[in-house]
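Coordinate analysis (summary)
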Amino acid sequence: MNKTNENFSFTKRFRFTISLFVLMMLGLSLHAQTTTYTLKGNVTDNIGEPTPGVSVQIKNTNMGETTDFDGNYTLTANLNAGSYTLTFRSLGLVTKEVKITLGTEAEVVNAVVMNLDILGLDEIVITGAGALTAKKQLGNTISSIKGLEISESGSVDITGGLSGKLAGVQVTQNSGDPAGGISVRLRSASTVNGSSDPLYIIDGVIVNNNSTNVLGTTGVTQNRLSDISPQDIDRIEVIKGAAAAAIYGSRASNGVVQIFTKKGLSGEPVITVSSSVNFNSLRKKRDFNQEPFDWSSSDITNLDKVPVTRYDYQDMVFQNSTGTDNYVSMSGGKENTNYFASFSYLKNDGILKNTDYERQGGRIRINQVINDWASASFGTYFSTSKSNDQPNGGYTAGVLPTILFTNNTIDPSPDADGNYPNMTFYPNILEYIETFNFTQENNRTISDLQLNLKPADGLKVNYILGYDNSESIGNSYIPIGTNTIALGKAATTTISTKQLNSDLNASLDKDLNDNIKSTTTAGFSWQSDKTLLRSIVGTGLALGVKTTDGAASISTDESRSERSFWGGFLQQTFGFSDKLFLTGAIRLDGSSVFGKDERNQFYPKASMSYLVSEEDFWKNNFGSSINSFKIRAAWGQAGNLTAIGPFDRLSNYSAISIDGTSGLIAPTRLGNADLKPERQTELEFGIDMGLFDNKIGIELTYYKQDIEDLLLARTLSPSTGFGSRVENIGTMTNNGFEALITAMPVQTSDFSWSITGTYSTNKNEVNNIEGEQFGIGNFGFSVAKNGQPLGVFYQGFYARNTDGSLLLTPGGLPQREKGSYDANGNPVPERDASGQPTGTSLSKVIGDPNPDFIASLTNEIKYKNFSFRMQFDAVQGVDVLSWDTRMFYRFGGGPETASELRGDSVRGTGAAKFGIAESYIEDGSYIKLREVSTSYLLKDPLKGVNSVKFTITGRNLFSIDNFSGYDPEVNMDGQSNGARGGIMGLVPIPSVIKFGVIATF
């Protein structure tokens, strides 16, 4: 493939980027004669409390400041005499503008009161790189959350801290391993083979959040966002759906999560130090066989029993563990320069023995005001992490799978010679923990250089150059003598990904007349990423050797991928009397992964926002009870590239060997030059209301998504000479509703109480799949099937009588239904002369891993310097395919065998259920106490100490559910998209209690 002909080379684009940056910087030192003024004041909220962290900016300039802990600010500015406007902004408060006049007085003092903005309509959000927009102008939903809520959630991962905070956002922790991954879905899945995780952007830089497995074991696949410390986050903005994210083009159909890190403030240095210790424990043990006897024979007709000793393997492999999280930051600045620097260290031991996660990270951000119309910023972040892991769950052997496959009459302790007894066809559980070595190491650097210009009144130009470099190394060692690999095994896998972003955006605000305001935004972006994967596996290790150097047999693998993306957009917004806003946008996007005829794609967008409550008729009739009422609508298209690799459009071949002759070529996948991106079209409607002096806020949204041109691998006829071909086949729809209700029943200077509830529901359906369905995970039990939600479980089910009761065998055992299928593929049970099932073993849809709805309820109380917060998360109407339950049916260590031993059920019942998938479909619904926390703040406790805050946080403390296993939230297919809701041998999510202290100096 000729990369040069497809798009600019990496070198040319880099040179172009640097040249552009240099040209922009020329002449910036020229400015008119100015005078130094000092602007100072105090900002309070509507109940008289100081408001720290309020952004105070001189409108249409780069000069600004932020209020301190007591709501005070001091801003030194070099300006010409004349009239200016100070803009005050803060999350949760109504933006306020104050006009000032600068003359002969060198100092201007004012006091400002900001009112509660319960819906955040005045909040300024980023709708594209550098494009600032007030939420009241938007026809689609953009949700914001303060970084403080993330850092105080008790989660060691940014994405985990989002759980339950926003409507339409489902966060699933896929494993309780300390380095386990987390999945985030905004609204629902929008692809079959690709990823449904959103696009992540940190400080304007699109970053890598891959979840690549470097250990070959499902339970410990990490997200790369785990590299980022939650304590470095200032705020997060979540853009849901294609209608909102269309401006990002071909990678935005899953939505966008924009993460903004902390920045420095001018003034004396402020040092923040925090330290915490957490205690992790197994929240719930699962039932197991504790009967003190066993069958004397495997012959099912032999009912003799013999006494045995049974062991609680859970107590042998789980532990109570601890962790610590330490953080220090310094920020400050003088005149036109400010800085922020931080360092963090996290160490967390797992509840499964011999597992842990350790992370160090540092961040630096420098902002420089060049003059009154130009500023620059540079930021860099580095992190290193290492984890000790255990193979567990999914499709591989491991500690917990071994327990499932073992009759717990075996003592796993080694003998006097150090030999571990065989437990099953997997290694001994203690042998895993004490002799196996599975580790991951990660190195990450994210850097950006930004230039912000305001060369003319109303014109803003923003340029961002970003670089993201991540490397993950997985090392594994299996000693000689285990019953899976007797000769021992060592392996190393390295994945390196480099991304370069270049974004240039400009916006022009213009008042066309007294009532009409125009905002025009345009931009161009380019991104390149390169990924290199290398692995080496050695078997037959020399005695005492733990690396591949000493292996008798070595195999290697290497793959490389390289992609580039480019695109430009133009967006126009008209505001009428600051109450009706109409927006239209177009984006042209291109990607090197597609053929030349489909390489560039067009994505349009349109939206409307109408603040009905600004009309006089509303104020006169409803204003006393409904303070604000906004109607919004949005339509847009966006694409998805995650379902296709860089070279999937090309024919692929594999080298084979025949009769010792190598170099022959075998075709594997037929190329398709006409492939195009998956495309999502979304229509969204909603209303926002503020009631009773803005004490209650309501946000309601309905959306409909139509996804077409799904990228799927189609199996080809052998006569073609190829096995498969990627094609644009299949469609998907999502219909959903989201609700956010927040209220402030009480708000005084000493006491406040806030309540926030979220509710989200979505109906998904897949259609136009060739061959009606195909397996996508869970050993093929999860399928994409026409007319059904993505990932439903399609397998065998119970034979039943006409009254719905189980049809048992003559021996009293349950059995799988048999029969035939009608012309529509529906199962038709059949009976023989004795009334027993006859024909082919039948399958049908037996469960759905997609929830009926998700919800959360949060209460927060503040009394003087004391605060209390409690958050419940709920997932309802979801099914789980529990392989844990299935294995316990058959191998003797589970409660089913205990029931048979006691005579409560017929011997052989568990073995019969083992072959009927419906028997291990469980209700995965839960209501979980996700977070509970309390804190106490001391102001000025000692000389030189501004504040000390003591915190206690609990996370995942209890769950209300009917699940027989540890926790229905985990998922054996990790961060994969389609195959959800399967569980086998995964580390459960621990309960966490965390004690912390935060001090500022």
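Residues numbered from 1 in each chain as written. Predicted model: local features only at pLDDT ≥ 70, side-chain atom pairs only at ≥ 80, totals over all residues. Heavy atoms only, no water.

**Thoughts on the overall build of the chain**
- Looking only at helices and strands, one finds 11 helices and 55 strands in the chain.
- For 1001 residues, the compact-globule estimate of 2.2 N^0.38 gives 30 Å, and the C-alpha radius of gyration of the chain, at 30 Å, lies within 12% of that figure.
- In terms of principal-axis extent, the alpha carbons of the chain reach across some 105 × 65 × 65 Å.
- Per-residue burial for the chain yields a buried fraction of 54% across its 1001 residues.
- A sequence separation of at least 24 residues applies to 68% of the contacts in the chain between residues at least 6 apart.
- Just so you have it, the chain exposes about 40700 Å², and 54% of that area is on carbon and sulfur atoms.
- The positive charge centre, built from 85 side chains, and the negative charge centre, built from 104, are 3 Å apart in the chain. (Helix = DSSP H or I, 4+ residues; strand = E, 2+ residues; numbered from the N terminus. Rg over C-alpha atoms; globule rule 2.2 N^0.38 Å. Buried < 20%, exposed > 50% of the residue type's maximum accessible area, 1.4 Å probe, protein only. Contact = heavy atoms within 4.5 Å. Areas by Shrake-Rupley, 256 points an atom, 1.4 Å probe, with all protein chains shown as cover. Lys, Arg positive; Asp, Glu negative; His and termini not counted. Charge placed at Lys NZ, Arg CZ, Asp CG, Glu CD.)

**Quick notes on a nonpolar patch on the surface**
- On the surface, a cluster of nonpolar side chains totalling about 700 Å² of accessible area is made up of Val277, Phe279, Ile927, Ile952, Leu957, Phe958, Ile960, Ile993 and Phe995.
- The topology assignment puts Ile927 in strand S51 (residues 926-942).
- Ile927 sits in the partly exposed class, given a relative accessible area of 34%. (Patch = residues over 30% accessible without salt bridge, like charges linked within 9 Å, V, L, I, M, F, W, Y side chains within 5 Å. Salt bridge = Lys/Arg side-chain N within 4 Å of Asp/Glu carboxyl O.)

**Focus: the sheet that holds strand S4 (residues 72-79)**
- If you trace the three strands from one edge of the open sheet to the other, you get S4-S1-S7, paired in mixed fashion. Looking at strand neighbours, the two that pair on one side only are S4 and strand S7 (107-114), the edges of this open sheet. Across the sheet, the mean angle separating the axes of adjacent strands is 25 degrees when strand polarity is ignored.
- Direction of pairing for strand S1 (residues 35-45) relative to S4: antiparallel, over a ladder of eight bridges. Within the sheet, the bridge partner assigned to Thr36 lies in S4 and is Asn78. (Pairing = 2+ DSSP bridges. Axes fitted to C-alpha atoms, helices over the stretch in contact; angles between N-to-C directions.)

**Some details on the environment of Leu430**
- Summarising the element assignment, Leu430 is placed in helix H7 (residues 429-435).
- Each C-alpha atom, one on Leu430 and one on Pro414, is 8.3 Å from the other, the two residues being 16 residues apart in sequence.
- Those residues in contact with Leu430 that lie beyond four places of it in its chain are Met316, Pro412, Ser413, Tyr420 and Thr435.

**Some points on the pairing of strand S35 (residues 696-708)**
- The pairing of strand S34 (residues 678-691) with S35 spans 13 bridges and is classified as antiparallel. From the neighbouring strand, Leu691 faces S35, where its bridge partner is Ile696.
- What sits between S34 and S35 in their antiparallel hairpin is a turn of four residues, with Phe692 showing a positive phi close to 50 degrees.
- Pairing between S35 and strand S38 (residues 731-747): 12 bridges, direction antiparallel. Pairing of Asp706 across the sheet is with Thr733, part of S38.

**Thoughts on unusual backbone geometry**
- Here Arg187, not a glycine, exhibits a phi torsion of approximately 75 degrees, which is positive.
- With respect to the helices and strands, the residue Arg187 is situated in the loop between strand S12 (182-186) and strand S13 (199-202).
- Under the relative-accessibility criterion, Arg187 is labelled buried at 9%.
- The backbone phi angle of Asp203 is positive, close to 50 degrees, even though this residue is not glycine.
- Residue placement: Asp203 occurs in the loop between S13 and strand S14 (205-206).

**Quick word on helix H9 (residues 883-890)**
- Most of H9 is tucked away, with seven of its eight residues classed as buried.
- Of the positions making up H9, those classed as buried are Trp883, Asp884, Thr885, Arg886, Met887, Phe888 and Tyr889.
- On its buried face, H9 is in contact with helix H6 (399-404), strand S49 (879-882), helix H10 (895-902), helix H11 (909-914), strand S50 (921-923) and strand S54 (982-983).

**A closer look at the sheet that holds strand S40 (residues 773-777)**
- An order of S40-S41-S42-S46 is seen for the four strands of this open sheet, with the pairing classed as antiparallel. The sheet is open, and its two borders are formed by S40 and strand S46 (843-847), each paired with just one other strand. Ignoring which end each strand starts from, the neighbouring axes of this sheet average 50 degrees apart.

**Points about the pattern of salt bridges**
- In the structure shown here, the tally under the stated rule is 48 salt bridges.
- As a salt-bridge pair, Glu237 and Arg235 come within 3.3 Å of each other at their nearest N and O atoms. Here the two residues Glu237 and Arg235 agree in accessibility, since each one is buried.
- For the salt bridge of Glu896 with Lys913, the shortest nitrogen-to-oxygen distance reads 3.5 Å.

**Some words on the nonpolar core**
- Counting 48 residues, the largest nonpolar core has Val317, Val399, Leu400, Ile429 and Trp883 as the members making the most contacts within it.
- Residue assignment for this core shows that the elements contributing at least two residues are helix H5 (313-317), H6, H7, S49 and H9.
- In this view, Trp883 contacts Asn778, Phe779, Phe781, Tyr920, Met972, Ile983 and Met984; residues no more than four positions away in its chain are not counted. (Core = buried A, V, L, I, M, F, W, Y, C linked by side-chain atoms within 4.5 Å.)

**Remarks on the confidence of the model for the chain**
- Here the chain shows a mean pLDDT of 88. Residues at 70 or above account for 93%.
- In the model, residues 1-11 has pLDDT below 50 throughout and makes 17 contacts with residues more than four positions away in sequence or in other chains.
- Scored below 50 in pLDDT, residues 16-32 shows 27 contacts in the model against residues more than four places distant or in partner chains. (pLDDT = per-residue confidence, 0-100.)

**What about the packing of aromatic side chains?**
- Within the structure shown, the criterion is met by 18 aromatic pairs.
- Each ring, one from Phe279 and one from Phe995, has its centre 6.1 Å from the other, and the planes form 75 degrees; the classification is edge-to-face. Here Phe279 is found in strand S17 (residues 267-281), whereas its partner Phe995 is found in strand S55 (residues 991-1000), with 716 residues between them in sequence.
- Among the residues examined, Phe279 registers a relative accessible area of 39% and is labelled partly exposed.
- Ring geometry for Phe405 and Phe425: centres 5.2 Å apart, planes at 70 degrees, overall edge-to-face. Pair noted here: Phe405 is in the loop between H6 and H7 and Phe425 is in the loop between H6 and H7, with a separation of 20 residues, a long-range link.
- On the basis of relative accessible area, Phe425 is assigned to the partly exposed category, the value being 46%.
- One residue, Arg235, lies across the ring of Phe260, its end atom 3.9 Å from the ring centre.
- The positively charged end of Arg907 is found above the aromatic ring belonging to Trp295, 4.1 Å away from the centroid. (Phe/Tyr/Trp six-rings, centres within 6.5 Å; stacked < 30°, edge-to-face > 60°. Lys NZ or Arg CZ within 6 Å of the ring centre and 35° of its normal.)

**Structural notes on H10**
- The buried fraction of H10 is high, at six of eight residues.
- Considering only its buried residues, H10 is in contact with strand S18 (293-295), strand S19 (305-307), H9 and H11.

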